[in-house]
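# Chains, contacts and geometry: an overview
Chain residues, written in single-letter form:
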Amino acid sequence: MAERAAVLELLNRPEYADLPPAQVWARELDAGVYWCSERTMYRILKAAGQSGERRRQATRPARTVPQLLATAPARS
C-alpha cells in the first residue's frame, strides 16, 4: 500500500498533474527511476478515481438563454 501511495503522489505532483501516466513513466525512466509498470500507474489512478482526463480544462461562464417578453400584441 505504501508503494501505491508513493506512485499516486508522484502522478499528482504539479509537474506531472497534466500528463498521462505513459509520459510520467517515460520521464521517470529517463531520470533513472523505475516506480512500476506503465499499466500499474493506470490501475492506481483508476483505483483512486482519477482515471479521467488529467489536463486542466478551460472553464467558461454559463451562457444565459435570451428570453423574449411580449408587452403588447403584435400590430400589422
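Everything in this summary refers to the structure shown in the same document. Source: prediction; values computed, not measured.

Quick look at the overall build of the protein chain now. Within the protein chain one finds three helices and zero strands. In sequence order, the secondary structure elements of the protein chain are arranged as α-α-α. Relative to the 2.2 N^0.38 estimate, which gives 11 Å for 76 residues, the radius of gyration of the protein chain is 23 Å and therefore markedly larger than a compact globule would have. Counting only residues that meet the buried cut, the protein chain has 17% of its 76 residues in that class. Relative to all contacts within the protein chain whose residues are 6 or more apart in sequence, the contacts with residues 24 or more apart total 48%. On the protein chain, the mean spot of the 12 positive side-chain charges and the mean spot of the 8 negative ones are 14 Å from each other.

Glancing now at the nonpolar core. Val7, Leu10, Leu11, Tyr16, Leu19, Val24, Cys36, Met41, Ile44 and Leu45 form the largest nonpolar core, which has ten residues in total. Elements with a contribution of two residues or more to this core: helix 1 (2–11) and helix 3 (38–47). With sequence-adjacent residues up to four places away left out, methionine 41 is seen in contact with Val7, Leu10, Leu11, Pro21, Val24, Trp25, Trp35 and Cys36.

In this structure, glutamate 28 sits in helix 2 (residues 21–30). One buried charged side chain, glutamate 28, makes no salt bridge at all; its nearest oppositely charged neighbour is arginine 13, positioned 4.4 Å away. Once residues lying within four places of it in the same chain are set aside, the contact partners of glutamate 28 are Leu10, Arg13, Tyr16, Val33 and Trp35.

Moving on: the packing of helix 2 against helix 3. Packed helix pairs are characterised by how far apart their axes lie and by the angle those axes make with each other. At a closest axis distance of 9 Å, the pairing of helix 2 and helix 3 adopts a crossing angle of 130°. Judged by the inter-axis angle, helix 2 sits oblique to helix 3. The chirality of how helix 2 crosses helix 3 is right-handed. On helix 3, the residues that touch Pro21, Ala22, Val24 and Trp25 of helix 2 are Glu38, Met41, Tyr42 and Leu45.

At a minimum axis separation of 10 Å, helix 1 and helix 3 run at an interaxial angle of 90°. Relative to helix 3, the element helix 1 is oriented roughly perpendicular. The residues of helix 3 that touch helix 1, namely those facing Arg4, Val7, Leu8, Leu10 and Leu11, are Met41, Ile44 and Leu45. Across the contact of helix 1 with helix 3, the residue classes break down as seven nonpolar, no polar and one charged.

Definitions and limits used
Residues numbered from 1 in each chain as written. Predicted model: local features only at pLDDT ≥ 70, side-chain atom pairs only at ≥ 80, totals over all residues. Heavy atoms only, no water. Helix = DSSP H or I, 4+ residues; strand = E, 2+ residues; numbered from the N terminus. Rg over C-alpha atoms; globule rule 2.2 N^0.38 Å. Buried < 20%, exposed > 50% of the residue type's maximum accessible area, 1.4 Å probe, protein only. Contact = heavy atoms within 4.5 Å. Lys, Arg positive; Asp, Glu negative; His and termini not counted. Charge placed at Lys NZ, Arg CZ, Asp CG, Glu CD. Core = buried A, V, L, I, M, F, W, Y, C linked by side-chain atoms within 4.5 Å. Salt bridge = Lys/Arg side-chain N within 4 Å of Asp/Glu carboxyl O. Axes fitted to C-alpha atoms, helices over the stretch in contact; angles between N-to-C directions. Parallel < 35°, antiparallel > 145°, perpendicular 65-115°, else oblique. Left-handed = near helix turned anticlockwise from the far one by under 90°. Nonpolar A, V, L, I, M, F, W, Y, C, P; charged D, E, K, R; others polar.

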